[in-house]
Amino acid sequence: MPLVSSRLRVPARHRAAILTAIREYGPISRADLSRVLSLRPSSITSQARDLLAQGLIDEVGPGNSSTGRPPVLLDIARRDNYAVGIVLEPNGISAALVQWDGAIVCRSPIVPVRPNVPAVDLEQQAIEAAERVLCEGGVLRERVHGIGVGVSALVDTSANEAVFSSTFSQVRRFRFDALAESTGRPVYLEDIAYLMALGERWFVYPNDRRPLVFLLVSRGTCGAVLAPAGAPELPRFAAEFGHMVVSPNGPLCGCGKRGCLEALLSESALLGTAQRLLPAPSNGPLTLASVAALAEAGNQIAASIIETAGEFLGLALANIASVFAPALIVVGGSVAEGWGRWLLPTGRAAAHDHLLDSLRDRVEVLPSRLGGDAALVGCAARVMDAVFSQQ
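Residues numbered from 1 in each chain as written. Predicted model: local features only at pLDDT ≥ 70, side-chain atom pairs only at ≥ 80, totals over all residues. Heavy atoms only, no water.

(A) Here's a closer look at the state of the cysteines. Tallied over the full model, the rule gives zero disulfides. With no disulfide of its own, Cys 106 lies 9.6 Å from the sulfur of Cys 135, the closest cysteine sulfur. Classification of Cys 106 by relative accessible area gives buried; the value is 7%. (Disulfide = S-S within 2.5 Å. Buried < 20%, exposed > 50% of the residue type's maximum accessible area, 1.4 Å probe, protein only.)

This is the structure in structure tokens:
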């Protein structure tokens, strides 16, 4: 059984260490926990008794034993514990009640939000969305351990405050203290890309200890970097990959520079290109889906737009791999979902051409398996991370 980092063996962190080890290696016996964490069996027994009483872990059946009584295995109580996820994006506010296994119990419809909405109104809409899913879910509120809020913004996690958002430009700094007060649950504010990365780490690759980068290609383009699982610290690092220059003489970006990845690969940029080069459809505006349908039907212009997007994606992947040397890059967002069938193969091939030989076979590029729910599910991972870190 692999060793965990030394931080998990500090006596003052027994509870956090045991929860983390059960999540990473469970189902696991008390004896194996004692060996993995270098803790006395009596300490494991005492902490496990408390965690069982709190409903955070379960006894899930006997393990294998060559002699004597089979050990009782422990695992995280994933189906009896919950979190609320709230995501604030340009198209509106969405919310969901999420189990600790990543399954969405219920969700609220997306509620449109005005770009210049005052902070107090933004928070009120978040409160209404949270109360809606809490009521519809019908679970005991004490089993809901917190609310994760994802926002397209620069977030100061130490203050639990968004300090800048181009999406909600009139709000500037904002917190969600009234949301916590109204629901009686702690609130954790995070950048959306970081939540998506955390969701992939906790629910899609829970036993994959490789460093992971998440690249979000949607209305905007950004990302997040996670250290290897079990590293002494997991940085709260959201990366502005969207303002990486990949074409110095390219189109003007909203930031004022030319040739940023966001000006070439974001949904708005790609649809702007499509609207200039393709005839307007008779049944409404061009969408990612309609451009993909044209490419599928043999339209060479549509196919060229997607291929060019894939080449720019490859440049971005190569740059990310060269800087961070991750073993795994997960690509998600509306563009990746809508065009992934064509975009990712082209992106992988282009990245291969731009990477050093030593890196080409070390980086795996995969689509997000959480899809459009990645941020909501990531909210649950953020709440779990907070619960598991309590001492």
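Having seen the structure, we can now continue with the description.
(B) Representation of helix 1 (residues 14–25) within the structure. If you check helix 1, its first and last C-alpha atoms are 16 Å apart, about what 12 residues at 1.5 Å a residue would give, namely 16 Å. For helix 1, the tally of buried residues reaches 12 of 12 residues, placing the bulk of the element in the interior. Residues His 14, Arg 15, Ala 16, Ala 17, Ile 18, Leu 19, Thr 20, Ala 21, Ile 22, Arg 23, Glu 24 and Tyr 25 constitute the buried set of helix 1. (Helix = DSSP H or I, 4+ residues; strand = E, 2+ residues; numbered from the N terminus. Expected span 1.5 Å × (residues − 1).)

(C) Region of interest: the pattern of salt bridges. With the rule as written, the count across this model stands at 11 salt bridges. Across the pair Asp 75 and Arg 78 runs a salt bridge whose closest N-O atoms are separated by 2.9 Å. Take Arg 78: its relative accessible area is 24%, and that puts it in the partly exposed class. With its nearest N and O atoms 2.9 Å apart, the salt bridge here joins Arg 382 to Glu 190. Residue Arg 382 is found in helix 13 (residues 374–389), and its partner Glu 190 is found in strand 10 (residues 187–191); the two are separated by 192 residues along the sequence. (Salt bridge = Lys/Arg side-chain N within 4 Å of Asp/Glu carboxyl O.)

(D) A look at the sheet that holds strand 1 (residues 28–29). Overall, antiparallel pairing links the three strands, which are arranged 1-3-2 in an open sheet. Since the sheet does not close on itself, it has two edges, and those belong to strand 1 and strand 2 (57–62), each with one partner. Of the strand pairs in this sheet, strand 2 and strand 3 (residues 72–76) are connected by four bridges, and their pairing is antiparallel. Bridge pairing in strand 3 places Glu 59 opposite Leu 74. Contacting strand 1, strand 2 and strand 3, helix 1 crosses the sheet at an angle of about 95° to strand 3. (Pairing = 2+ DSSP bridges. Contact = heavy atoms within 4.5 Å. Axes fitted to C-alpha atoms, helices over the stretch in contact; angles between N-to-C directions.)

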